[in-house]
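Each chain, letter by letter, is given below.
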Amino acid sequence: MPFDNTGSASGPTQENVIFVHWHDLGRHLACYGADGVESPNMDALASEGILFTDAHATAEQPARSEDDNLDARAHEADAEARDAVSAEAAGFDFEVSSDHYSPWLSAQGHAPYAWTVLGAIAHATERVGLMTYVTCPTMRYHPAVVAQKAATLQILSDGRFTLGLGSGERLNEHVTGEGWPSVTVRHEMLREAIQIIRELHTGELVDYRGEFFQVDSARVWDLPDQPVEIALAVANGVVKMNI
């Protein structure tokens, strides 16, 4: 659920959200419909191979061989973009993509680059809101790079993008070999990263020296007309951040 930087809801409320998993081939795209599960054209989506579940539920899926997954893997990003277009046509109004380097399970067999996929979806759709769910701007990515990517995607989507951020998961963030800090350290890193992203989204020249990150004379040259909203993913207790 996206929130603007004042803490107020800027997307569907929990009461009228439905969560749609692309279980087939382990796709990482999800969509939210604002009018409840009865509203979208379920038959139309079913014809596209889209399966519906309750929030975070797991559906029974036909077994796929490793060869099946390997054969389909090269085309997964394109399939996600086409499914996003079908979901918009069926009446959904919000779509998110996991920013994962690895799938949750090896058997899922897919983890395309979320930012490229969302760029394609932004170009191919007209109405639906888009969001990373979620990006960790501290390990695989430097926050200055995230700021530039988010600004560009907001331009491509005509103001429909929300930057979903979180402190990360070892599953995806260990790949650069930088270790895995404690949760307290990760939260402090996230705080710094958000400060950098916000400063760069002003369009000003930024120099930053923090405990974890440095920025040297950086500027995001292409800024959207509508500022990028930031949504924070928070779980497992109370987190207080002064940003």
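Since this is a predicted model, take the numbers as computed values, not measurements.

A. Structural view of the packing of helix α3 (residues 76–90) against helix α4 (residues 114–124). The contact between α3 and α4 brings their axes to 9 Å, and the two run at 35 degrees. For the pair α3 and α4, the crossing hand works out as right-handed. Contact with α3, carried on its side by Ala77, Glu80, Ala81, Ala84 and Val85, involves Val117, Ala120, Ile121 and Ala124 of α4 and no other residues of that element. Residue composition of the contact of α3 with α4, grouped by class: eight nonpolar, no polar and one charged.

B. Quick look at the packing of aromatic side chains. Inspection of the entire model under this criterion finds two aromatic pairs. Ring geometry for Tyr113 versus Tyr141: centroids 6.5 Å apart, planes at 65 degrees, classification edge-to-face. On the criterion of sequence distance, the pair formed by Tyr113 in the loop between β3 (94–97) and α4 and Tyr141 in the loop between β4 (129–132) and α5 (143–156) is long-range, its members being 28 residues apart. The positively charged end of Lys149 is found above the aromatic ring belonging to Tyr141, 3.3 Å away from the centroid. The ring of Trp221 is capped by Arg219, whose NZ or CZ atom sits 4.8 Å from the centre of that ring.

C. The arrangement of the pattern of salt bridges in detail. For the coordinates displayed, the defined rule picks out four salt bridges. Between Asp78 and Arg82 there is a salt bridge, with the nearest N and O atoms lying 3.0 Å from each other. Of the two residues, Asp78 and Arg82 both sit in helix α3, four residues apart, roughly one turn of that helix. The residue Arg140 makes a salt bridge to Glu173 at a minimum N-O spacing of 3.3 Å.

D. Representation of the nonpolar core within the structure. With 35 residues, the main nonpolar core has Trp115, Leu130, Phe161, Leu163, Leu165, Ile197 and Leu200 as its most contacted residues. Put simply, the parts of the chain that give this core at least two residues each are α3, α4, α5, β5 (161–165), α7 (183–200), β6 (206–209) and β7 (214–218). Sort the elements by how many residues they give to this core and α7 lands first, with seven residues. With residues near it in sequence (within four places) discarded, Leu165 still touches Val134, Thr135, Pro137, Val146, Leu190, Ile194, Ile197, Ile230, Ala231, Leu232 and Ala233.

E. Representation of the pairing of β4 within the structure. The alternating pattern of β4 places Gly129 and Met131 on one face and Leu130 and Thr132 on the opposite face, and all of these are buried. Pairing geometry for β3 and β4, over four bridges, is parallel. Bridge pairing in β4 links Val96 to Met131. As for the winding sense of the linkage, the β-α-β connection from β3 through α4 to β4 is right-handed. Sheet topology note: the β4/β5 ladder contains two bridges and is parallel. Looking across to β5, one finds that Met131 is bridged to Thr162. With α5 bridging β4 and its parallel neighbour β5, the resulting β-α-β unit is right-handed.

What counts as what
Residues numbered from 1 in each chain as written. Predicted model: local features only at pLDDT ≥ 70, side-chain atom pairs only at ≥ 80, totals over all residues. Heavy atoms only, no water. Axes fitted to C-alpha atoms, helices over the stretch in contact; angles between N-to-C directions. Helix = DSSP H or I, 4+ residues; strand = E, 2+ residues; numbered from the N terminus. Left-handed = near helix turned anticlockwise from the far one by under 90°. Contact = heavy atoms within 4.5 Å. Nonpolar A, V, L, I, M, F, W, Y, C, P; charged D, E, K, R; others polar. Phe/Tyr/Trp six-rings, centres within 6.5 Å; stacked < 30°, edge-to-face > 60°. Lys NZ or Arg CZ within 6 Å of the ring centre and 35° of its normal. Salt bridge = Lys/Arg side-chain N within 4 Å of Asp/Glu carboxyl O. Core = buried A, V, L, I, M, F, W, Y, C linked by side-chain atoms within 4.5 Å. Buried < 20%, exposed > 50% of the residue type's maximum accessible area, 1.4 Å probe, protein only. Pairing = 2+ DSSP bridges. Right-handed = clockwise from strand over helix to strand, strands pointing away.

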